[in-house]
Amino acid sequence: MTATTRGSALTTGARAAASRARRAANALAQTGVRSSIVPESLRVRVLRATGALIEPTTSVRPRVHMSADVRFGAETSVGEEALLQGPTVVGDRSHVGPRALVITYTHPIGGHELRCPNPPLIKQVTIGEGCWIGAGSMILPGVTIGDGVIVAAGAVVTQDCESDCLYAGVPARLVRRLSAPE
């Protein structure tokens, strides 16, 4: 092994170790901030310090589980026990209710011998501005929710949602159009 090769191996090894250390620190921070005894302002600051793309005006309640590639706009809130996989983008002034699920991982349907092949497919979810995602609702991979949408509690969103509409049911269907801002 030449000196150049050794230097590259050490650099690669050091990068891998640093990456593992960052993941461990993020996991520890995520665990700590899930606690209800941690003040909300501290919870948001810790999440931001560990790389989460969260505006300072975002409200994150206890026991929220989210991956690092979830991005929240200004004045958003996330209810207790919500789960958000990434990549997910939540627009300004949107609210994700307690126990809501935002799922971005899916699998192609494989052959008889392997119905769920690896690796999973990852499809971003986008939630527009001014949305209200009801408690216990589920948003499935690849869905785009337009601005000003209300998703009723318990709804399962399988397809894109048009702006300024109310969706409810399993699967979620357009229930009615809402007045757009003037």
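Chemist: What am I meant to see in the pairing of strand β19 (residues 173-177) here?
Modeler: Across a regular strand the side chains alternate sides, sitting on one face of the sheet and then on the other. As paired strands, strand β18 (residues 165-168) and β19 are joined by 4 bridges and run antiparallel to one another. Its bridge partner lying in β19, Leu-166 is registered against Arg-176. The hairpin formed by β18 and β19 contains 4 residues between the paired strands, and Gly-169 there has a positive phi angle of roughly 105°.

Chemist: I keep staring at the side chain of Thr-88 and nothing clicks. Help me out?
Modeler: Tracing the chain through its elements places Thr-88 in strand β7 (residues 88-90). Taking relative accessible area as the criterion, Thr-88 reaches 1% and is therefore assigned buried. Apart from residues no more than four positions distant in its own chain, Thr-88 is found in contact with Asp-69, Val-70, Arg-71, Val-102, Thr-104 and Val-125.

Chemist: Honestly, the pattern of salt bridges in this entry has me stumped. Any pointers?
Modeler: Oppositely charged side chains can pair when the atoms bearing their charge come close. Per the counting criterion, the structure on display carries 6 salt bridges. The residue Arg-63 makes a salt bridge to Glu-80 at a minimum N-O spacing of 2.5 Å. With Arg-63 in the loop between β2 (59-60) and β3 (65-66) and Glu-80 in the loop between β5 (77-78) and β6 (83-84), this pair connects stretches of sequence that are 17 residues apart. The shortest N-O distance in the salt bridge between Glu-162 and Arg-177 comes to 2.6 Å. Remark: Arg-177 occurs in strand β19 and Glu-162 occurs in the loop between β17 (156-157) and β18; sequence separation between them is 15 residues. Look at the salt bridges and you will find they share partners, linking Arg-61, Arg-63, Glu-80, Glu-81 and Arg-99 into a network.

Procedures and definitions
Residues numbered from 1 in each chain as written. Predicted model: local features only at pLDDT ≥ 70, side-chain atom pairs only at ≥ 80, totals over all residues. Heavy atoms only, no water. Pairing = 2+ DSSP bridges. Helix = DSSP H or I, 4+ residues; strand = E, 2+ residues; numbered from the N terminus. Buried < 20%, exposed > 50% of the residue type's maximum accessible area, 1.4 Å probe, protein only. Contact = heavy atoms within 4.5 Å. Salt bridge = Lys/Arg side-chain N within 4 Å of Asp/Glu carboxyl O.

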